[in-house]
Amino acid sequence: MAKVKFTIKNEKGEDVVKSTKTILTEHYRDYLNLMIELESDINDVEKLDKQLEFIANLCDDVNVDDLLKRTNFADVVDIFARIYACLVGDVDPKEKK
């Protein structure tokens, strides 16, 4: 089972490494439900909020506000892609540590 580590800024603007919880099958189910929601007729802001909620829910010490204010969108896309890779079992062995 894998976790995804990523860097986020703290209140002082310093880089801090955060990690998701261990990614389990139940999280894949949550992901599938998220994809259904993202394909529905909602606007782009709502879609982003749902993606940020999904990421934040996988972490013990990161919330949506942290992701909004302490990351850039490219980082969020990368975090989401790496989480997806763990969900489907396509994980780089270096990431399993």
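Structural data are supplied above this passage.
Chains are numbered independently. Their residues run from 1 in the order of the written sequence. Local features in this predicted model are restricted to residues whose pLDDT is 70 or higher, and side-chain atom pairs enter the listing and the counts only when it is 80 or higher, whereas totals over whole chains, interfaces and linings include all residues. As a rule here, side-chain values come from all non-hydrogen atoms in the structure, and water together with hydrogens is ignored.

**A look at the overall build of the chain**
Every helix listed is a DSSP run of H or I at least four residues long, and every strand listed is a run of E at least two residues long, numbered separately from the N terminus. Scanning the chain from terminus to terminus reveals four helices and two strands. Secondary structure elements of the chain occur, N-terminal to C-terminal, as β-β-α-α-α-α. The atom set for the radius of gyration is the C-alpha atoms, and the globule formula is 2.2 Å times the number of residues raised to the power 0.38. Relative to the compact-globule value of 13 Å for 97 residues, the chain shows a C-alpha radius of gyration of 13 Å, a close match. A principal-axis box enclosing the C-alpha atoms of the chain has dimensions of 40 × 30 × 20 Å. For the chain, with 97 residues in total, the buried portion stands at 30%. Each residue is placed in one exposure class: buried if its accessible area under a 1.4 Å probe, protein chains only, is under 20% of its type's maximum, exposed if it is over 50%, and partly exposed if it falls in between.

**Regarding the packing of helix α1 (residues 25-38) against helix α2 (residues 44-57)**
Where helices are involved, their axes are fitted lines through C-alpha atoms of the stretch in contact, as for all axes, and angles between N-to-C directions lie from 0 to 180°. Closest axis-to-axis distance for the α1/α2 pair is 10 Å, and the angle between their directions is 175°. Judged by the inter-axis angle, α1 sits roughly antiparallel to α2. For the pair α1 and α2, contact is made by His27, Asp30, Tyr31, Leu34, Glu37 and Leu38 and by Lys47, Lys50, Gln51 and Phe54, respectively. Polar here means any residue other than Ala, Val, Leu, Ile, Met, Phe, Trp, Tyr, Cys and Pro, which are nonpolar, and Asp, Glu, Lys and Arg, which are charged; Gly is therefore polar. Taken together, the residues of the contact of α1 with α2 sort by class into four nonpolar, two polar and four charged. Any angle from 65 to 115 degrees is called roughly perpendicular, while one under 35 is roughly parallel, one over 145 is roughly antiparallel, and all others are oblique. Two residues form a contact once any of their heavy atoms are found within 4.5 Å.

**Section: the environment of aspartate 75**
For aspartate 75, the position within the fold is in helix α4 (residues 73-87). Distance from aspartate 75 to threonine 7, taken between C-alpha atoms, is 8.5 Å for residues 68 residues apart in sequence.

**Focus: the pairing of strand β1 (residues 5-9)**
Only one face of β1 is buried, namely the one carrying Phe6 and Ile8, since none of Lys5, Thr7 and Lys9 on the opposite face is buried. Pairing between two strands requires that DSSP report at least two bridges joining them. As paired strands, β1 and strand β2 (residues 15-19) are joined by five bridges and run antiparallel to one another. Each residue of the ladder has a partner; that of threonine 7, found in β2, is valine 17. Adjacent in sequence and paired antiparallel, β1 and β2 are bridged by five residues, among which glycine 13 carries a positive phi angle near 85°.

**Here's the deal with the environment of tyrosine 28**
Along the chain, tyrosine 28 turns up in helix α1. Linking tyrosine 28 and leucine 87, residues 59 residues apart in sequence, is a C-alpha distance of 5.5 Å. Residues in contact with tyrosine 28, not counting those within four places in the same chain, are Leu87 and Val88.

**Side note on the packing of aromatic side chains**
Given two aromatic rings, their pairing is described by the distance between the two centres and the angle made by the two planes. The aromatic pairing rule takes the rings of Phe, Tyr and Trp, using the six-membered ring of Trp, and pairs them if the centres are within 6.5 Å, calling planes under 30 degrees apart stacked, those over 60 edge-to-face and the rest tilted. Throughout the structure, instances matching the rule amount to five aromatic pairs. On the basis of an interplanar angle of 20° and a centroid distance of 6.2 Å, the ring pair of tyrosine 28 and tyrosine 31 is categorised as stacked. Of this pair, tyrosine 28 and tyrosine 31 both sit in helix α1, separated by three residues, roughly a single helical turn. Relative accessible area serves as the criterion here: at 11%, tyrosine 31 is assigned to the buried category. Taken together, Tyr28, Tyr31, Phe54, Phe80 and Tyr84 form an aromatic cluster joined through their ring pairs.

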